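Structural overview for review
Here's the letter readout for the chains.
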Amino acid sequence: MTNRNAIGLLVLIFLPLLALAQKDALIEAESFIDKGYWVTDPQFIQQMGSTYLMAHGMGTPVKNASTKVAMPAKGKYHLWARTKNWAPGNWDAPGQFKMAINGKTLDFIFGKTPNWTWEYAGEVVLPGKEMSIELIDLTGFNARCDAIYLSKVKVQPPVGGPELAEWRKKKLKEPLSPETTKSYDLVITGGGLSGCAAAIAAAEKGLKWL
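Conventions we followed
Counting from 1, residues in each chain are numbered in the order their sequence is written. Confidence filtering applies because this is a predicted model: local features only for residues at pLDDT of at least 70, side-chain atom pairs given and counted only at 80 or more, and all residues used for totals across whole chains, interfaces and linings. Each side-chain value is worked out from all heavy atoms of the structure, with water and hydrogens disregarded. Here, a salt bridge means any Lys or Arg side-chain nitrogen found within 4 Å of an Asp or Glu carboxyl oxygen. Only DSSP runs of H or I reaching four residues or more are called helices, and only runs of E reaching two or more are called strands; each is numbered from the N terminus. Exposure classes here rest on a 1.4 Å probe applied to the protein chains alone. A residue is buried below 20% of its type maximum, exposed above 50%, and partly exposed in between. Two aromatic rings from Phe, Tyr or Trp, using only the six-membered ring of Trp, form a pair when their centres are within 6.5 Å; if the ring planes differ by under 30 degrees the pair is stacked, by over 60 it is edge-to-face, and anything between is tilted. Only Lys NZ and Arg CZ are tested; either one counts as a charge over a ring when it is within 6 Å of the ring centre and within 35 degrees of the ring normal. We call two residues in contact whenever any of their non-hydrogen atoms come within 4.5 Å of each other. Like charges within 9 Å and nonpolar side chains (Val, Leu, Ile, Met, Phe, Trp, Tyr) within 5 Å are joined into patches, using only residues over 30% in relative accessible area that form no salt bridge. Using the Shrake-Rupley algorithm and a 1.4 Å probe, accessible areas are obtained, with residue cover drawn only from the displayed protein chains. We call a set of buried Ala, Val, Leu, Ile, Met, Phe, Trp, Tyr and Cys residues a nonpolar core when their side-chain atoms join them within 4.5 Å. At least two bridges found by DSSP between two strands is the condition for calling them paired.

On inspection of all chains with the given rule, the structure shows four salt bridges. Taking the shortest distance from any N to any O, the salt bridge between D24 and K171 comes out at 2.5 Å. Placement of the pair is D24 in strand β1 (residues 24-28) and K171 in helix α3 (residues 161-172), with a sequence separation of 147 residues. Looking at K171, the relative accessible area reads 29%, which means it is partly exposed. R168 is the partner of D146 in a salt bridge, and the nearest nitrogen-oxygen pair spans 3.1 Å. Placement of D146 in strand β10 (residues 141-151) and of R168 in helix α3 is noted, with a sequence separation of 22 residues between them. The exposure classification of D146 matches that of R168, with both residues buried. In the salt-bridge network here, residues are joined through shared partners; they are E28, R82, D146 and R168.

Right, here's the structure in full:
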């Protein structure tokens, strides 16, 4: 057997094993291809570690947000969504929404649980390796969706804090630190009036552009 044939055989063996090992998918809501009339809310990114989608319709349900996702394999998946009932009390939760998978609307209603948490919607069957997801606003009163998690194993993700941040980085394969680090005397972010004024002042003090 030649080296090339041996490598080809290893690839044919290894790739299916890799697909079997990848049994879940984390979809960040703010990464949806078509956000409809949902808006990206970044104001709590320091507390949450992420932005999220919000349906701000002033009492009128907004247009669906939608996207397509490549899944590791077809089959049954457990589905969670990280949501928040932002006004819990003895009344219906104001930010309720549903989800449609491949055009089929799920029965489960999201947005009823107080505080940011993962709401479990049960199992969904995916007939192929590509799926479509839609967020369906029901109330127009600030439904919130941070992320959607699909897994072949029924294990709820961490609710919050450092545990969620580390879990999110692992699932998204984000690096824990930049590939390279550099030191600067001054860094200006933004090119508005204040940024331009800061740059001019820095140049007058002898600092050079990079």
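With that settled, consider the packing of aromatic side chains. All told, the structure shown has nine aromatic pairs when counted by the stated rule. Taken together, the ring pairs in this structure connect W80, W118, Y120, Y149 and W167 into an aromatic cluster. Over the face of the ring belonging to Y77 we find K152, whose NZ or CZ atom lies 4.4 Å from the ring centre.

We now examine the environment of T51. With respect to the element layout, T51 can be found in the loop between α2 (45-48) and β3 (52-56). Classification of T51 as buried rests on a relative accessible area of 14%. The residues contacting T51, other than those within four sequence positions of it, are E30, T40, D41, P42, I45 and D146.

Next up on the list: a nonpolar patch on the surface. On the surface, a nonpolar cluster with roughly 400 Å² of combined accessible area is contributed by Y184, V187 and L210. Along the polypeptide, Y184 turns up in the loop between α3 and α4 (193-204). A residue is classified by how much of its surface remains accessible, and Y184, at 45% relative accessible area, is partly exposed.

This part covers the nonpolar core. Grouped together as the largest cluster of nonpolar side chains are 28 residues, with contacts concentrated most on W38, L79, M99, I101, I133, L135 and I148. Among the secondary structure elements, those contributing two or more residues to this core are β1, β3, β4 (65-70), β5 (75-83), β6 (97-101), β8 (117-126), β9 (130-137) and β10. Counting residues per element, this core draws most heavily on β10, at four residues. If sequence neighbours within four positions are ignored, I101 has contacts with L79, L106, V124, L126, M131, S132 and I133. W80, W118, L164 and W167 belong to the second largest nonpolar core, which has seven residues in total.

Ordered by their spatial adjacency, four strands build an open sheet running β4-β9-β6-β7, and the pairing between neighbours is antiparallel. Either end of the sheet is taken by a strand with one partner, and the two such strands are β4 and β7 (104-105). Bridge count for β4 against β9 is six bridges, and the pairing is antiparallel. Across the sheet, residue A65 finds its bridge partner in β9, namely L135.

Okay, the pairing of β3 next. Side-chain positions along a regular strand alternate between the two faces of the sheet. Of all five residues in β3, four are buried; the element is thus mostly enclosed. Sheet analysis places strand β2 (residues 39-41) next to β3, joined by three bridges and oriented antiparallel. Looking at β3, one finds that T40 is bridged to L53.

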